[in-house]
Amino acid sequence: QLQQQQQQQQQQHAQHQQQLLHHQSQAQQAQGGAGWRPHNFQPIGPHPPNVLGHPSMPPIPGQTPSRLTMSMSAPGSGPRPPLPPPSSGVAMERGGFRLEAIEAPEGAVAPWLTLREDLGRVMAGLAVEGSHDQMMAMDTGSHTSGGGGKQAGGRRRGELVETAVDKTKFKEFFKVFKQREKESYAAAAEFAQSCLVSHPRSIHWRICLELADLAKRQDMLQEARHLFEMVHELEPLAHQGWLEHAKMEEEFGKLVQCERILLQGLQHCSENENLLLKSVKLEEKLGSTGRARVLLSRMRHLSLDKAWKVILEGALLEARAGNIQVARKVFRYLLQSVPWYGPIYHEAYRMEERAEAYARAADVIDLGLREIPRYGPLWFNALRLADKMAPDPAESARAVRDVVQRALGFISKELVWKLFFEAAQTEDRAGNLESCRAAYVQSVLHCPQNLRWKVWIGGARTELRAGNVATARGLLERALVDVPRKTRSMVLLEVARVDEFTGNVEDARLMLQRARRETRSEWKVFLESVLLEMRANDVVQGVLRAREALNLHTGTGRLWAVLIQLVVSDHDKLQVFLQALKEVPKSGEVWCEGARLMLNPMSPMFHLGLARRRLEFAICFTPQYGDSFIEMLRLELLEHGPDADTAPLEQLCVNADPNYGALWFYSKRHPLDGTRQILQNAKELLLRDLHQHRRLYQRALVRLQSGTGSPSSDSSLDDEGSDASPHSLPHAPPPPGAQPGGAAGGGAGGGGGEGPATPRGPSSTQPVHTPPPPPPSSPPPLSPGSVSASHFGMGITELQHYVQNCAKLGPQMRLKLIFGPDPVQP
């Protein structure tokens, strides 16, 4: 019966869709086309005073996304109708979608608080199936404030109310369903179908939802879609169904379908913040900041207690878009309206910190500590900020001590040990060994038993830097006693690193062998075994360890990435890369290594267009991997020269907030360096590397223009005694299909690299860019004749050279390569 009803409804939907498209085509013909056209503007009534209560802010003109953002916004999502910039006092329309922008009323804090949206017409513009009444239901509900009215059946508008009997019945079903699920999908589906007959109709949507989730986990996409559609028909007010359906489509890369489902769900659940937040984030991911603002404008009709979380997301959206001034106004309004919610202060602080506005960040911290002094994260933010703002390490230690003394009167007892732990690391950086030890002692005294191992590891790092190897080993032995079994691998890795640092490579291998045997489920143990062989310059053993690890942890992208680095020939690297894409297609580390293949100037596969395409996928899939952004920076410098505009890339990197990567760690000179500072350090390293190997890059770019594939085809270009800039190539007519000043064939936007790239940069008559001075305590530099393709495996030849000669480096550099620049996290 349900199937028959569904077929009838689908036929009705199809008929209505044909009528709707017919009406739209008639309206477009009457208007002379579907382009954007101004309409007579009718002013909207007064805005709710609880939302618009600050100095006026005029609407921001629509921003065109940068080339980088546009090209990586939605891989595989298909074309979407663009959203024009709102202009003051003008209503615009395209394909049934209507967006009205009005003059900002007195007291507006953000432009999206002055937008009026007709979501029914938004849905029509996106060709969403459903009746006209359903399309307009959400818009009608969105213009009612409070949402306290009731509909038939005792339901609040846009909200599902479940009875206690329904909840009890569902619990009984769920318990048995989970048991049948362990048997097979068929057994669970049979049980669910029987329950659709015996259980009340009011919980049928929940039964179908559980079965749809199981079908999704079994990769039965069509079956899951069918079940989700049944959930929507049985209970359209259940926001869980719309949300889970949209998540499934997003996981499978169907972003346009995901958008359609979310907007259709917002028709029925017009006041559900989870659906609205998901829709806003999806529109931002698709590069449609304008559409996101349209959705955010709906909060004007809601009371503050229901809208403030969405307003917070709007502030974060503006900050990620680079509109810092607008974001500050929204945060100021939220801090005055919702002063009791600590995460608002935390997010406002992070925004100012990322913008490197440390004075404003300090003001946010002071305001938050006055309002909610017992909110722990604010005190830790105050510690880090005091450390950053101090002019020298000694002053930093004094400032941190003052913050610790203030915090002890307010912070909860469970966080006191972390407070002393952070203070100990600050004393360590200042060189105050005795004060550092005293802080660690206080941390141990206040620390729970199951977390003391972290304090022992932190103390061991300090003693190792001070040269007290025996004391460091003793602290690690205590950590092995106190550490819980599930985190034992972390201590074993630390012991192996100490052995490697002291020159006992064989002892380190034995310790890692023990770790692999005791904690086989931890892929980080296997990765450390591979990295140890890389630092020992034993490529053969490194490849063997990597393949052994992949036999057990096939779905770990970092293991595939390090294997690509280790194999020697370009053909083998490409084969491993293609095999890795079959196992982990959404691994940003793997895509980054694929881009490095295309950026290696000594490889016949050198191609800037394909490299950009792969880096876009890497950033999209794994934005927390910092090496992808540094490789994108190298690509920008190759294409545009030292004066390349990297502001869009910097903003994208700041939004992503990367936290790991070998090249990222190498560019991090201080544990408290921010994202912008790390990128600036990386730019200096890249410019020096490009200057050092300028002739190799010249050869590669010339080969790319001429279409030749051999790295040695331009033997007339000699590496010795050349002072030419890496961007000063001889002028040559661009090949067919090449874009002026960029990659050909749409390579910048993922066009597949159908043609070679035209290099951009200064001409040969311009002065040579002077590279930054080399870092101190460097090993002997690579001579031009000793550079091979393997030296470009980690992006910068200097880093690769250091890794291959790790045993010859000074203690500080070896500490950085083995342990990383970041301190132990409490």
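Being a predicted model, the structure only gives us computed values, none of them experimental.

As a further point, take the overall build of the chain. Looking only at helices and strands, the chain features 37 helices and 3 strands. The buried share among the 826 residues of the chain stands at 51%. Expressed as a percentage of contacts within the chain between residues at least 6 apart in sequence, the contacts between residues at least 24 apart total 64%. On the chain, roughly 36,700 Å² of surface is accessible, and the fraction owed to carbon and sulfur atoms is 52%.

This part takes up helix α35 (residues 694–706). Taking 1.5 Å of rise per residue, 13 residues should cover 18 Å, and α35 covers 18 Å from first to last C-alpha, within 8% of that figure. With 10 of 13 residues buried, α35 is to be regarded as a mostly interior element. Within α35, the full set of buried residues consists of R694, R695, L696, Y697, Q698, R699, A700, L701, R703 and L704. Looking at the buried residues of α35, the elements they touch are α29 (588–599), α30 (608–621), α31 (626–640) and α34 (675–692). Looking at the residues trailing α35, positive phi occurs at G707, about 85 degrees.

Turning to the packing of aromatic side chains, a few remarks are in order. Scanning the entire structure with this criterion turns up 17 aromatic pairs. Aromatic side chains F501 and F819 sit 6.5 Å apart centroid to centroid with 65 degrees between the ring planes, which places their arrangement in the edge-to-face category. Of the two residues, F501 sits in helix α23 (residues 488–501) while F819 sits in helix α37 (residues 811–819), which places them 318 residues apart along the sequence. Grouping residues by exposure puts F501 and F819 together as buried. Look at Y697 and F792: their rings are 6.2 Å apart centre to centre, the planes differ by 90 degrees, and that puts the pair in the edge-to-face class. Here Y697 is found in helix α35, whereas its partner F792 is found in the loop between α35 and α36 (797–804), with 95 residues between them in sequence. According to the relative accessible area criterion, Y697 is buried, its value standing at 0%. In this arrangement the basic side chain of R814 is found over the ring face of F501, its NZ or CZ atom lying 4.7 Å from the centre. Here the basic side chain of K816 rests over the ring of Y666, its NZ or CZ set 5.3 Å away from the ring centre.

Within the structure shown, the criterion is met by 44 salt bridges. One salt bridge connects E427 with R401, and the closest N-O pair in it is separated by 2.7 Å. Here E427 is found in helix α19 (residues 416–430), whereas its partner R401 is found in helix α18 (residues 393–407), with 26 residues between them in sequence. Among the residues examined, R401 registers a relative accessible area of 35% and is labelled partly exposed. Between R634 and E631 there is a salt bridge; the shortest N-O distance is 2.7 Å. Separated by 3 residues within a single helix, R634 and E631 lie in helix α31, roughly one turn from each other.

Below, the discussion takes up the packing of helix α17 (residues 376–389) against α19. At a minimum axis separation of 11 Å, α17 and α19 run at an interaxial angle of 10 degrees. In this view, α17 runs roughly parallel relative to α19, as classed from their interaxial angle. Residues F380, L383, R384 and D387 of α17 touch α19, and the partners they reach there are K418, L419, E422, T426 and R429. The residue makeup of the contact of α17 with α19, split by class, is 3 nonpolar, 1 polar and 5 charged.

Glancing now at the environment of V165. As for its position among the elements, V165 is in helix α5 (residues 164–183). In this structure, the C-alpha to C-alpha distance between V165 and S202, residues 37 residues apart in sequence, is 10.0 Å.

On to the nonpolar core, then. The tendency in soluble globular proteins is for nonpolar side chains to be buried as a group. The biggest cluster of nonpolar side chains holds 111 residues, and the ones touching the most others in it are W560, L563, V590 and L608. Counting residues in hydrophobic clusters, the runner-up holds 65 residues, among them L255, A292, F331 and I372.

Further remarks concern the confidence of the model for the chain. Per-residue confidence for the chain gives a mean pLDDT of 77, with 72% of residues at or over 70. Low pLDDT, under 50, characterises residues 27–108; the predicted model gives this stretch 175 contacts beyond four residues in sequence or across chains. Scored below 50 in pLDDT, residues 114–157 makes 111 contacts in the model with residues more than four places away or belonging to other chains.

Although it is not a glycine, E356 sits at a positive phi angle of roughly 60 degrees. As for its position among the elements, E356 is in the loop between α15 (342–354) and α16 (358–371). Backbone geometry at N537 places phi at a positive 60 degrees, although glycine is not the residue there. Positionally, N537 belongs in the loop between α25 (523–535) and α26 (539–552). A residue is classified by how much of its surface remains accessible, and N537, at 44% relative accessible area, is partly exposed.

Attention shifts here to helix α12 (residues 289–296). Residues spaced three or four apart along an α-helix point in a common direction, a consequence of the helix completing one turn every 3.6 residues. For α12, the buried fraction is high: 6 of the 8 residues fall into the buried class. Turning to α12, its buried residues are R291, A292, R293, V294, L295 and L296.

The next thing to look at is the environment of A238. Here A238 shows up in the loop between α8 (221–234) and α9 (239–251). Through-space distance from the C-alpha of A238 to that of N272 is 9.9 Å; in sequence the pair is 34 residues apart.

Below, the discussion takes up the environment of A807. Tracing the sequence through the fold places A807 in the loop between α36 and α37. Residue A807 is classed as exposed on the basis of its relative accessible area, which comes to 73%. Distance from A807 to T502, taken between C-alpha atoms, is 9.6 Å for residues 305 residues apart in sequence.

This paragraph deals with the packing of α25 against helix α27 (residues 557–566). Where α25 contacts α27, the two axes come as close as 10 Å, and the packing angle between them is 15 degrees. By the angle between their axes, α25 is roughly parallel relative to α27. The chirality of how α25 crosses α27 is left-handed. Of α27, the residues touching α25 (which contributes W523, F526, L527, V530, L531 and M534) are R558, L559, V562, Q565 and L566. The residue makeup of the contact of α25 with α27, split by class, is 9 nonpolar, 1 polar and 1 charged.

About the cut-offs
Residues numbered from 1 in each chain as written. Predicted model: local features only at pLDDT ≥ 70, side-chain atom pairs only at ≥ 80, totals over all residues. Heavy atoms only, no water. Helix = DSSP H or I, 4+ residues; strand = E, 2+ residues; numbered from the N terminus. Buried < 20%, exposed > 50% of the residue type's maximum accessible area, 1.4 Å probe, protein only. Contact = heavy atoms within 4.5 Å. Areas by Shrake-Rupley, 256 points an atom, 1.4 Å probe, with all protein chains shown as cover. Expected span 1.5 Å × (residues − 1). Phe/Tyr/Trp six-rings, centres within 6.5 Å; stacked < 30°, edge-to-face > 60°. Lys NZ or Arg CZ within 6 Å of the ring centre and 35° of its normal. Salt bridge = Lys/Arg side-chain N within 4 Å of Asp/Glu carboxyl O. Axes fitted to C-alpha atoms, helices over the stretch in contact; angles between N-to-C directions. Parallel < 35°, antiparallel > 145°, perpendicular 65-115°, else oblique. Nonpolar A, V, L, I, M, F, W, Y, C, P; charged D, E, K, R; others polar. Core = buried A, V, L, I, M, F, W, Y, C linked by side-chain atoms within 4.5 Å. pLDDT = per-residue confidence, 0-100. Left-handed = near helix turned anticlockwise from the far one by under 90°.

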